[in-house]
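The residues making up each chain are set out below.
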Amino acid sequence: MRLSRYFMPILKENPKEAEIVSHRLMLRAGMIRQQSQGIYSWLPLGKRVLDKVNAIIREEQNRAGAIELSMPTLQSAELWQESGRYDAYGKEMLRIKDRQDRPMLYGPTNEEMVTDIFRSSVKSYKDLPLNLYHIQLKFRDEIRPRFGTMRSREFMMKDAYSFDLTREGAEHSYNKMFAAYLRTFDRLGLRAIPMRADTGPIGGNLSHEFIILADTGESEVFCHKDFVGFDIPDERTDFDSVEGLKAIFDKWTSLYAATSEMHDEAAFNAVPEAERLSARGIEVGHIFYFGTKYSETMGAKVQGPDGKEHFVHMGSYGIGPTRLVPAIIEASHDDNGIIWPSSVAPFDVVVINMKVGDEACDDTCELIYAALTKAGKDVLYDDTDDRAGTKFATADLIGVPVQIIAGPRAVANGEVEVKDRKTGARETMTIEAAINRFVA
Ligand code: 5CA
């Protein structure tokens, strides 16, 4: 991508409305734009990061056996009247009427709709377990939308829904998502700690929130320090192994960890003082087991091996991609801007031409740009005629992990400078060596 032809509206000034660093940096880097209160456009740079986050979420959902579909944002009120949540959900639900005066709503979550899909076609235990997910916009008319896309009214959610014949089966489905979430957040460069949590309007009595520790987080959390160093389930994890996944779940729930709603002061005080962590955190995921709450009210039954009809046991599993992007920034930035983990960086490398119009600089940059693009890398080429200082500031602000800097003096020697955004370390090397770093 040539920066001169890209759309990346950088702000020079700090936006006044931004209270936390991620919101400030997302606005300054031209990643998002507020369209009305709590409703955002994702501009090209932001969209790239969001897509990369979603790709990792999708890979880990698929690995755990969940199957992707796509459900609409607009739902009929009838479904919600069946479950009893149409009235119970309250003012957070955006209610709409169509031209025939039929009540509709912009989905805040999809338990009802997915249960309707399930009951229309699954009739036998032989088709279980089943886990269906989508990555789709939701709307919740939050009282206090704030911090940019961290708490917005329209937001994206990966929501998965599992169906099992028995409670034991449903627990295994829960554990699959539990392990998948540990892997997902780790690949996003985050340490998320599962904590016992309240179930709110979703219901049920088994639930964990996945929390990232951050001073700017909205949740107050309490946990054992050791969680910070626990091992993440690796790529070879067998998601069909009931014992294997139970062992992961048991380990990750063996020590104290709870959000303020579920906090038990006495149990926390039993943890040795030096090992207690009382902090603030950002909820990036939330998983629930709620048994037959929706299957009973909506009549989702399958025939069991005993020939009888059984209401299915269900769980739901949410991740907030549009919250994860700012959460990653909260965890990874410095005074100059964002520092993306390479797994979600909008570009793998930025090539900075220090003297556009100088034949040697132009040729060198074009050569590197072409070679890295051919090697399948996402390359941003700063071919603008901005001053060097502006180019460096932009590259640091948008947080691309590696900068290749081509200035006339180095280029005359057949060399470029390679800067690591995270450490700030700069190294001069031949053009070939700079290319090989990515191609090899
Ligand atoms: N149906 C269940 C799970 S699929 C559910 O709705 N869970 S939730 O309410 O906990 O939301 C799931 C995730 O969506 C949260 O963990 C959070 O990451 C994200 N989320 C929720 N509300 C917002 C919001 N207002 N802005 C941004 N992200 C949000």
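Here is what the cut-offs are and how they apply
Within any chain, residue numbers begin from 1 and follow the written order of that chain's sequence. Local features are withheld for residues below a pLDDT of 70 in this predicted model, meaning they are given only at 70 or higher, and side-chain atom pairs are given and counted only at 80 or more; totals for whole chains, interfaces and linings count all residues. Side-chain metrics rest on all non-hydrogen atoms present in the structure, leaving aside hydrogens and water. UniProt positions are given in the numbering used here, feature names are shortened, and annotations may be inferred rather than shown by experiment. Any two strands with at least two DSSP-identified bridges between them are counted as paired. Only DSSP runs of H or I reaching four residues or more are called helices, and only runs of E reaching two or more are called strands; each is numbered from the N terminus. Note on method: axes are straight lines fitted to C-alpha atoms, helices fitted across the in-contact stretch only, with angles between N-to-C directions ranging 0 to 180 degrees. Residues count as neighbours in contact if any of their non-hydrogen atoms are within 4.5 Å of one another. Here, the term nonpolar core denotes a set of buried Ala, Val, Leu, Ile, Met, Phe, Trp, Tyr and Cys residues that are joined through side-chain atoms within 4.5 Å. Each residue's exposure class comes from its accessible area (1.4 Å probe, protein chains only) as a fraction of the maximum for that residue type: buried when under 20%, exposed when over 50%, partly exposed otherwise. Domain boundaries shown here were taken from an automatic or database domain assignment. Proximity is defined per residue: any heavy atom of the residue falling within 4 Å of a molecule or strand makes that residue near it. Polar contacts here mean pairs of N or O atoms no more than 3.5 Å apart (in protein, one a potential hydrogen donor and the other a potential acceptor; neighbouring residues in sequence count only if both atoms are side-chain atoms). We get accessible surface area from the Shrake-Rupley algorithm with a probe of 1.4 Å; when it comes to residues, only the shown protein chains can shield them. Each residue gets one label: Ala, Val, Leu, Ile, Met, Phe, Trp, Tyr, Cys and Pro are nonpolar, Asp, Glu, Lys and Arg are charged, and the others, such as Gly, are polar.

- As annotated in an unreviewed UniProt entry, the chain carries the name Proline--tRNA ligase and is attributed to Rhizobium aethiopicum.
- Among the UniProt annotations of the chain, the heading Catalytic activity (unreviewed entry) holds the following wording: "tRNA(Pro) + L-proline + ATP = L-prolyl-tRNA(Pro) + AMP + diphosphate".
- The record held by UniProt for the chain lists under Subunit (unreviewed entry) the comment "Homodimer."

Here's the deal with the sheet that holds strand 22 (residues 415–420)
- Sheet architecture is open: five strands sit in the order 20-19-21-22-23, paired in mixed fashion. Since the sheet does not close on itself, it has two edges, and those belong to strand 20 (379–382) and strand 23 (426–430), each with one partner. Strand-to-strand, the axes of this sheet are offset by a mean angle of 25°, without reference to chain direction.
- Pairing analysis gives five bridges linking strand 22 to strand 23, with the strands arranged antiparallel. Of the residues in strand 23, the one forming a bridge with glutamate 415 is threonine 430.
- Its contacts with the sheet put helix 14 (residues 431–439) on strand 19 (349–353), strand 21 (402–406), strand 22 and strand 23, and the angle it makes with strand 23 is roughly 110°.

A closer look at unusual backbone geometry
- Look at the link from leucine 128 to proline 129: it is a cis peptide, with omega at 0°.
- Assignment of secondary structure puts proline 129 in the loop between helix 5 (111–121) and strand 7 (130–139).
- Of note, aspartate 101 is a non-glycine position whose phi angle comes to about 70°, a positive value.
- The phi torsion at phenylalanine 147 lies on the positive side, around 60°, for a residue other than glycine.

With respect to the nonpolar core
- Core analysis: the biggest nonpolar cluster contains 82 residues, and Met31, Phe185 and Trp340 have the highest contact counts within it.
- Take this core: its biggest share by element is nine residues, from helix 6 (residues 167–187).
- Summarising the domain contributions, this core has at least three residues from each of domain 1 (3–338) and domain 2 (349–439).
- Excluding residues within four positions of it along the chain, phenylalanine 185 makes contact with Leu190, Ala192, Phe210, Val284, Gly285, Ile319 and Leu324.
- Listed in part, the 26 residues of the second largest apolar core include Ala77, Leu79, Val312 and Met314.

As for the site of the ligand
- By nearness alone, 22 residues border the ligand, and Thr109, Glu111, Arg140, Glu142 and Glu283 come closest of all.
- Within the side chain of arginine 140, a nitrogen or oxygen atom sits 2.7 Å from an oxygen atom of the ligand.
- Out of a free accessible area of 610 Å², the ligand has 96% covered by protein chains.
- Those elements that place two or more of their residues in the shell around the ligand are strand 8 (154–164), strand 13 (276–291) and strand 16 (313–319).
- In terms of residues, the shell around the ligand owes the most to one element, strand 13, which gives five residues.
- For the shell around the ligand, the residue count by class is seven nonpolar, eight polar and seven charged.

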